Amino acid sequence: MLSVTPEKQRSRFPEIGDGSGLGPADAFYREEVALALRNRGMPLEGLRYPITPTGMHYLLVHFDIPYVEAGEYSLEIGGLVERPVTLSLEDLRRRPAVKTPVTMECAGNGRALLEPRPISQPWHLEAVGTAEWTGTRLGDLLLEAGVKDEAGEILFTGLDRGVQSDEVQEYQRSLTLAEAMREEVLLIYEMNGQPLEPQHGYPLRLVVPGWYGMTSVKWLARIEAIQGPFEGYQMMGSYRYSNNADDAGEPVTLQKVRSLMVPPGIPDFATRVRLVDAGEVTLRGRAWAGRLEVVGVDVSTDGGDSWSPADLEEPVGTFAWRGWQYKWHARPGRHTLCVRAGDNEGNLQPFEQLWTYLGMGNNMVQRVDVIVE
Ligand SMILES: Nc1nc2c(c(=O)[nH]1)N[C@H]1C(S)=C(S)[C@@H](COP(=O)(O)O)O[C@H]1N2
Ligand SMILES: [Mo]
């Protein structure tokens, strides 16, 4: 049963706008701008790098970035386990290490393009990045701790606390035991070969490849085996595909297929409309599908009326994006460029927006307006 009542869901951002949770199409509230200033996106020209430089990787922090003194950190693994354990960062670093590239994306990516617009972190399309993460397998630690038969879930708690929907909370998310045991699920202490930066979860975070970013809990304080299902705010009150304030909806889980392009040419400072030289232009970008595979990328140079296949590069990793390119003969005039990807289960990015009340998983095709001269 829901532990977050519809009442609480309704008042998600009662203090912003008219209280409906929705904002006007072309104006953003001051609070949303403040969120956007704290939570940067990856500039789309960053799609050129197979591994996103750390300072260009997107960032999302619900509350404050906790301050952790080096040397004073420890991780607790407990709850329904035979052998609870407390581990220092050094203990974790001494364990077998795995280094792997993972494309992480916020479930709210594409939210600010929706009409009507859900009020929250106002992502356009830049809430994505691919880092090389180094850490150790969670599953092995859980095996050593001996998860008891009655445990159905693993609960992850961050060091950060705050208020959301009138509820004082720690940032907490759970995974089913089966998901937590998957071999790609890692406890991470390095990003791109360096200790995690404070904003990305120093000293230790979870990374769950294939899932939207909210699952990859940062600043891990403790990991507990619980009976479950865990019904905290970040599971029941947010990260739901709901149709309105009273609809609990389905949980947001795995990443959906998406492709993006590096906007070609040069931008207009204010509008970001692109100016492109006439002639042959190579359009480039990257596409990903979480746990699935990208099997095709199509480009349209006429606003989605007609589509042609792009050339694909090898994926950067099993859970990381793959590059694509497409040669376009650009003729003078105004054009709308679009890109869409499809995965190996037959899912194709929709041309129309995927509207949900919290603006989750809107993987509609990107549109880039260009003027060719
Ligand atoms: N403890 C904690 N973990 C968290 C968050 C948070 O606010 N607190 N934000 C989540 C969300 S919504 C996303 S999209 C990713 C973003 O990870 P990044 O900032 O390293 O890109 O972290 C997730 N882990
Ligand atoms: Mo997110």
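Just so you know, the residues in each chain are numbered from 1, in the order the chain's sequence is written. Going through the entries in the order they are written, you letter the chains from A and number the ligands from 1. Since the coordinates come from a predicted model, pLDDT governs what is reported: local features require at least 70, and pairs of side-chain atoms require 80 or more to be given and counted, while whole-chain, interface and lining totals use all residues. As a rule here, side-chain values come from all non-hydrogen atoms in the structure, and water together with hydrogens is ignored.

Undergrad: Any chance you could explain the site of ligand 1 here in plain terms?
TA: We call a residue near a given molecule or strand whenever any one of its heavy atoms falls within 4 Å of it. As a matter of local geometry, ligand 1 sits amid 19 residues, with His62, Asp160, His200, Arg205 and Lys218 nearest to it. In protein, a polar contact requires one atom able to donate a hydrogen and another able to accept it; more generally it is a pair of N or O atoms within 3.5 Å, and residues adjacent in sequence count only if both atoms are side-chain atoms. In this structure, Asp160 approaches ligand 1 through a side-chain N or O atom, which is 2.7 Å from a nitrogen atom. At 2.7 Å from an oxygen atom of ligand 1 is found a side-chain nitrogen or oxygen belonging to Arg205. Each accessible area is a Shrake-Rupley estimate made with a 1.4 Å probe; only the visible protein chains count as cover when residues are assessed. Computed on the free molecule, ligand 1 has an accessible area of 530 Å², of which 100% lies beneath the protein chains in the complex.

Undergrad: Would you explain the sheet that holds strand β7 (residues 153-164) in this entry?
TA: The strands that make up a sheet are held in pairs by hydrogen bonds between backbone atoms, and each pair lies either parallel or antiparallel. The five strands lie next to each other as β3-β2-β12-β7-β8, forming an open sheet whose pairing is mixed. Each edge of the sheet is formed by a strand with only one pairing partner; in this case those strands are β3 (85-88) and β8 (167-176). Shown here is a sheet whose adjacent strand axes are inclined to one another by a mean of 25°, direction ignored. When DSSP locates at least two bridges between a pair of strands, those strands are taken to pair. Strands here are runs of E lasting at least two residues and helices are runs of H or I lasting at least four, both read from the DSSP assignment and numbered beginning at the N terminus. Relative to strand β12 (residues 220-226), β7 is paired through six bridges, and the arrangement is antiparallel. Residue Glu153 lies in a different strand from β12, and its bridge partner there is Ile226. Angular values range over 0 to 180 degrees, each being the angle between N-to-C directions of two axes fitted as lines to C-alpha atoms, with helices fitted over their stretch in contact.

Undergrad: Quick question: what am I supposed to make of empty space enclosed by the protein here?
TA: The rule is simple: put a 1 Å grid over the protein atoms alone, call a set of points where a 1.4 Å probe fits but cannot get out a cavity, call an open set with protein on both sides within 12 Å along at least five of seven lines a pocket, and count a residue as lining if it has an atom within 4 Å of a point. Grid points are joined across faces, edges and corners, and a volume is the space filled by probe spheres set on the points. Evaluated as defined, the whole model comprises one cavity of 30 Å³ or more. When residues are sorted by character, Ala, Val, Leu, Ile, Met, Phe, Trp, Tyr, Cys and Pro go into the nonpolar class, Asp, Glu, Lys and Arg into the charged class, and all the rest, Gly among them, into the polar class. Among the residues making up the lining of the largest cavity, the classes are represented as 11 nonpolar, six polar and three charged.

Undergrad: What exactly am I supposed to notice about the nonpolar core here?
TA: A general tendency of soluble globular proteins is for nonpolar side chains to be buried together. Counting 39 residues, the largest nonpolar core has Leu75, Leu138, Phe156, Leu187, Leu220 and Ile223 as its most contacted members. Element by element, the count of residues in this core is highest for helix α4 (residues 138-145), at four residues. Dropping the residues within four chain positions of it, Ile223 is found in contact with Leu75, Glu76, Ile77, Gly78, Leu138, Ile154, Leu155, Phe156 and Leu187. To form a nonpolar core, buried Ala, Val, Leu, Ile, Met, Phe, Trp, Tyr and Cys residues must be joined to one another through side-chain atoms within 4.5 Å. Relative accessibility under 20% of the residue-type maximum defines a buried residue, over 50% an exposed one, and the middle range a partly exposed one, all with a 1.4 Å probe and only protein chains included. The next biggest cluster of nonpolar side chains, apart from the first, holds 21 residues, and it includes Val257, Ala287, Val297 and Tyr326. Between two residues, a contact is recorded if the distance between any of their heavy atoms is within 4.5 Å.

Undergrad: Looking at this structure, I do not really get the layout of surface pockets. What am I missing?
TA: Sizing a probe to match a water molecule and rolling it over the atoms shows the empty space that remains. Looking at the largest pocket, its volume works out to about 1200 Å³. For the lining of the largest pocket, the element with the most residues is strand β24 (residues 366-372), which contributes four residues. Across the lining of the largest pocket, the residue classes tally to 19 nonpolar, seven polar and 12 charged. Domain assignment of the residues forming the lining of the largest pocket places at least three in each of domain 1 (6-251) and domain 2 (258-372). Considered as a void within the structure, the second largest pocket measures approximately 500 Å³ in volume. Taken together, 27 residues form the lining of the second largest pocket, with Phe13, Leu35, His62, Ser120 and Gln164 sitting closest to its centre. Only α2 (30-38) and β7 provide two or more residues apiece to the lining of the second largest pocket. Per element, the largest residue contribution to the lining of the second largest pocket is three residues, and it comes from α2. Taken together, the residues of the lining of the second largest pocket break down into 12 nonpolar, nine polar and six charged. Domain delimitation follows an automatic or database domain assignment.

Undergrad: Explain α4 here, please?
TA: Within α4, burial applies to Leu138, Gly139, Leu141, Leu142 and Ala145. Projected down its long axis, α4 shows its buried positions confined to an angular sector of 160°, all on one face. Trailing α4 by a residue or two, Gly146 shows a phi angle of about 75°, which is positive. Directions pointing from the helix axis toward each C-beta atom define the arc.

Undergrad: Explanation requested: a nonpolar patch on the surface in the structure shown.
TA: Together, Phe28, Val33 and Leu37 line one region of the surface with nonpolar side chains, adding up to about 290 Å² of accessible area. For Val33, the location among the structural elements is in helix α2. Judged by its relative accessible area of 40%, Val33 falls in the partly exposed class. Exposure above 30% relative accessible area and no salt bridge define the residues that can form patches, which grow by joining like charges within 9 Å and nonpolar side chains of Val, Leu, Ile, Met, Phe, Trp and Tyr within 5 Å. A pairing counts as a salt bridge when a side-chain nitrogen of Lys or Arg comes within 4 Å of a carboxyl oxygen of Asp or Glu.

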